[in-house]
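Secondary and tertiary structure notes
If you want the building blocks of each chain, they are given just below.
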Amino acid sequence: MPLKYFQEKAETMPLEEIQKLQSEKLVKQVRHVYDHVEPYRRKMDELGVKPEDIHGIEDLHKLPFLSKSDLRDEYPRGFLAVPQEECVRIQSTSGTTGRRVVAFYTQHDVDLWEECCARAIVAAGGTKGDVCQISYGYGLFTGGPGLNGGSHKVGCLTLPMSSGNTDRQIQFMMDLGATILCCTPSYAAYLGESLKERGIAPEENPLKAGIFGAEPWTEEMRQAIQKSLGIKAYDIYGLTETSGPGVSFECQEQQGMHINEDHFIAEIIDPETGEVLPEGSKGELVFTSLDKEAFPLLRYRTRDICILSRKKCSCGRTFIRMTKPMGRSDDMLIIRGVNVFPSQIETVLLKEGYAPNYQIVVDRVNNNDTFDILVEMDDETFGDTVSSITGREKALVAAMRAMLGIGPAVHLVAPHSIQRSEGKAVRVVDKRKLVTDSQWLGK
Amino acid sequence: MALNQLSVFVDNTPGALSDIAEVLANADINLRALSIADTERFGILRMIVSDNKMAISVLKGKGYVVKETEVVGVKIGDAPGKMAEALKVLDLAEINLEYLYAFCARTDKHAYLVIRVADNQKAEEVLEAAGFHMIQDSDVAKL
């Protein structure tokens, strides 16, 4: 008999109870943060807000926002809210923009995170006896460790595959009868194609469901993955700053992701003014973590643009739902699951002796992201042989890979050949189709 | 005084070359020789022109990247086997060619090789020792 919920009481709590619980936890959490996190205390003091001003979620808007740069400035321990000896784990962002963000976890925090992932697995139809193939990367990246822990909590047999080595992935999937696949959607699509190449039909693999996240994907891509793997494909969301995947997850309805509101408060704000917007508005998603001990972030700006909905869900969960991120309020790109900022590319170019005249072109071909950077040459960087130009391109690819963690294709081009709009070079051309408003809740 | 060649980076787009030709034509610049190294995405146009200074100025003015590179200009007889003779000299001296192109002059019965090697001076020395005559920028104008 499959489970319906991992933690039924929490997941189906009536709204008034959720809000009461959130209020109680928020008051305590603000006190904890104010007492132990010096940079956030400074921010509160600057605004003249004291912990005693926060009586419940109705006062949340009084608190200052946190941004990624706040966290980076305090690398590595500025936001650590407990003595380090209380912590049992760190995870980290890819650090692609310079300094990494290190997230600390106490055992309580790890448990909480893994429970969130367990909820996602159960919502995708997982139960004891299932075999969970975790093909997210393991290590500092939260994808592998998060779902691994969630799978343990549900009692599934866990295959800690990590990413890559497709032959071995398929061998273990087939030989051990993996029923749930957890990885990035692009890797899921790739596995689907690889199975087909090996003559394994969708109904011949043992999978029944997949939990995919860590990069943007479309409804079309979901359909393609479901077809090629013969499964139901579920979305999962999270970020290292809020613990990792599992902050929100899809249920059988596949209509947006339920946010684990007993642990997190979600707000939608106007990215320009910071004003809190009513439910149903499109804006920037902001998270407050209510239970985290070691790395408790209040009002953390994700920069992801989405919409929240309290519309009743047939699965019985009362948690608010969020759309897939529809874009970013900054210029960050997510390419093959890696965060890329144009400013990083600029840094590499300047370091390598190029003028910052470039264009990033991202597309999705056969469900995989393509990543090209056009760079204009000048008299200094132009060599008069083909080998000198291709050699320079190779050197730039290596430098970009060192900075970004993924290797783009670099093309040196003639000066002034990059498309300009009103005199300003167009820095990013993202040809991937992201979700549109109309795909939300069947509107 | 050596022979100086101009190289221009050309995007592989329709009309790219014709635009460059027009820029040079408008400045009354005569092309003595040219070659194009082409790849899938771009080309490098290499030229021996009548007036380097003027050509660089007008091309840069139009936003092109232009490089002036010293090359070896070798005068050879306009007859079968003459190029082979010159190349044999370089071969014996173990000088590797990066690229080469050639042109014939209208005025005298000679052909000219434009050669790019890692060490121009050494190439000129061995060619001169074998009796070949080198040309310079100032010679180009007279051809």
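Basis of the calculations
Residues numbered from 1 in each chain as written. Chains lettered and ligands numbered in written order. Predicted model: local features only at pLDDT ≥ 70, side-chain atom pairs only at ≥ 80, totals over all residues. Domains from an automatic or database assignment. Contact = placed C-beta atoms within 7 Å. Helix = DSSP H or I, 4+ residues; strand = E, 2+ residues; numbered from the N terminus. Nonpolar A, V, L, I, M, F, W, Y, C, P; charged D, E, K, R; others polar. Axes fitted to C-alpha atoms, helices over the stretch in contact; angles between N-to-C directions. Parallel < 35°, antiparallel > 145°, perpendicular 65-115°, else oblique. Left-handed = near helix turned anticlockwise from the far one by under 90°. Pairing = 2+ DSSP bridges. Buried ≥ 20, exposed ≤ 12 C-beta atoms within 10 Å, placed from the backbone. pLDDT = per-residue confidence, 0-100. Expected span 1.5 Å × (residues − 1). Core = buried A, V, L, I, M, F, W, Y, C linked by C-beta atoms within 7 Å.

Residue and element names in this part refer to chain B. Here chain B is partitioned into domain 1 (3-69) and domain 2 (71-142). Taken together, the contacts link eleven residues of domain 1 with twelve residues of domain 2. Ranked by residues supplied to the side of domain 1 that touches domain 2, first place goes to strand S2 (residues 31-38) with four residues. Tallied by class, residues from the side of domain 1 that touches domain 2 come to four nonpolar, six polar and one charged.

It is worth spelling out unusual backbone geometry at this point. Glycine aside, the phi torsion of most residues is negative, and most peptide linkages are trans. Residues and elements named next belong to chain A. The step from Tyr75 to Pro76 runs through a cis peptide bond, and the omega angle for that step is -5 degrees. Mapped onto the secondary structure, Pro76 falls in the loop between helix H4 (68-73) and strand S1 (87-92). Residues other than glycine seldom take positive phi values, yet Ser243 does so here, at roughly 120 degrees. You can see Ser243 is positioned in the loop between strand S7 (232-239) and strand S8 (244-250).

Looking now at the packing of helix H3 (residues 82-92) of chain B against helix H4 (residues 120-129) of chain B. The packing of two helices is summarised by the inter-axis angle and the distance between the axes. All names here are of chain B. At a minimum axis separation of 9 Å, H3 and H4 run at an interaxial angle of 120 degrees. The angle between H3 and H4 falls in the class oblique. You can see that H3 and H4 cross each other, and the crossing is right-handed. The segment H3 lies against H4, with Ala86, Val89 and Leu90 engaging Ala123, Val126 and Leu127.

To continue, consider the sheet that holds strand S17 (residues 358-365) of chain A. Residue and element names in this part refer to chain A. One open sheet holds the four strands; their spatial order is S19-S18-S17-S22, and the pairing between them is mixed. A strand with exactly one partner marks an edge of an open sheet, and here the two such strands are strand S19 (409-413) and strand S22 (428-430). Sheet twist, expressed as the average angle between the axes of neighbouring strands with direction ignored, equals 20 degrees. Where S17 lies against strand S18 (residues 368-376), eight bridges are found, and the strand directions are antiparallel. Within S18, the residue paired with Asp363 across the bridge is Thr370. Contacting S17, S18 and S22, helix H10 (residues 342-351) crosses the sheet at an angle of about 130 degrees to S17.

Residue and element names in this part refer to chain A. Relative to each other, helix H8 (residues 185-197) and helix H9 (residues 219-229) sit at 35 degrees, their axes nearing to 9 Å. Along this stretch, H8 crosses H9, giving a crossing that reads as left-handed. Residues Pro185, Ala188, Ala189, Gly192, Glu193 and Lys196 of H8 touch H9, and the partners they reach there are Met221, Ala224, Ile225, Ser228 and Leu229.

This next bit is on the environment of Ile29(B). Residues and elements named next belong to chain B. Following the sequence through the fold, Ile29 ends up in the loop between helix H1 (16-26) and S2. For Ile29, a count of 19 C-beta atoms within 10 Å puts it in the partly exposed group. Sequence separation between Ile29 and Ala55 is 26 residues; the distance between their C-alpha atoms is 6.9 Å. With residues up to four places along the chain from it excluded, the contact list for Ile29 reads Leu24, Val49, Ser50, Asp51, Met54 and Ala55.

Here the focus is the confidence of the model for chain B. With 99% of its residues at a pLDDT of at least 70, chain B reaches an overall mean of 90. Here the predicted complex scores 0.71 on pTM and 0.80 on ipTM.

Residues and elements named next belong to chain A. Each assigned domain of chain A is listed with its residue range as follows: domain 1 (8-330) and domain 2 (334-430). One C-alpha centre belongs to domain 1, the other to domain 2, and the line joining them spans 32 Å. Counting residues at the interface gives twelve residues for domain 1, matched by 13 residues for domain 2. Of all the secondary structure elements, the ones that give two or more residues to the side of domain 1 that touches domain 2 are H8 and H9. Here the side of domain 1 that touches domain 2 gets three residues from one element, more than from any other, and that element is H8. Looking at side-chain class alone, the side of domain 1 that touches domain 2 contains six nonpolar, five polar and one charged residues.

Turning our attention to helix H2 (residues 15-36) of chain A. With 22 residues, H2(A) extends 31 Å from end C-alpha to end C-alpha; this agrees with the ideal 32 Å at 1.5 Å per step. Elements in contact with the buried residues of H2(A): helix H3 (38-47), strand S10 (264-269) and strand S11 (282-289) of chain A.

What follows is about the interface of chain A and chain B. Counting residues at the interface gives 13 residues for chain A, matched by 15 residues for chain B. When the residues that make up the side of chain A that touches chain B are grouped by side-chain class, the tally is six nonpolar, four polar and three charged.

Ala120(A), Ile121(A), Ile180(A), Cys182(A), Ala188(A), Ile211(A) and Ala266(A) are the most contacted members of the largest nonpolar core, which totals 92 residues. Residue contributions to this core peak at ten residues, all from helix H5 (residues 107-123) of chain A. Leaving out residues up to four positions away in the same chain, Ala266(A) has contacts with Ile259(A), Leu285(A), Phe287(A), Leu308(A), Ile320(A) and Met322(A). Of all hydrophobic cores here, the second largest spans 56 residues; its members include Leu412(A), Leu45(B), Leu59(B) and Val71(B).

Let's shift gears to the environment of Glu204(A). Within the element layout of this structure, Glu204(A) appears in the loop between H8 and strand S6 (209-213). A sequence separation of 166 residues divides Glu204(A) from Thr370(A), and the C-alpha atoms of the two residues are 30 Å apart.

Another aspect to go through is the pairing of strand S12 (residues 300-309) of chain A. All names here are of chain A. Burial runs high along S12: eight of the ten residues are buried. Two strands pair when backbone bridges link them, and S11 and S12 are joined in this way by five bridges, in the antiparallel orientation. By the bridge assignment, Gly283 is partnered in S12 with Cys306. Sheet topology note: the S12/strand S14 (residues 327-328) ladder contains two bridges and is antiparallel. Pairing of Ile305 across the sheet is with Gly327, part of S14. By the bridge criterion, two bridges tie S12 to strand S13 (residues 321-322) in an arrangement that is antiparallel. The residue of S13 that forms the bridge with Ser309 is Arg321.

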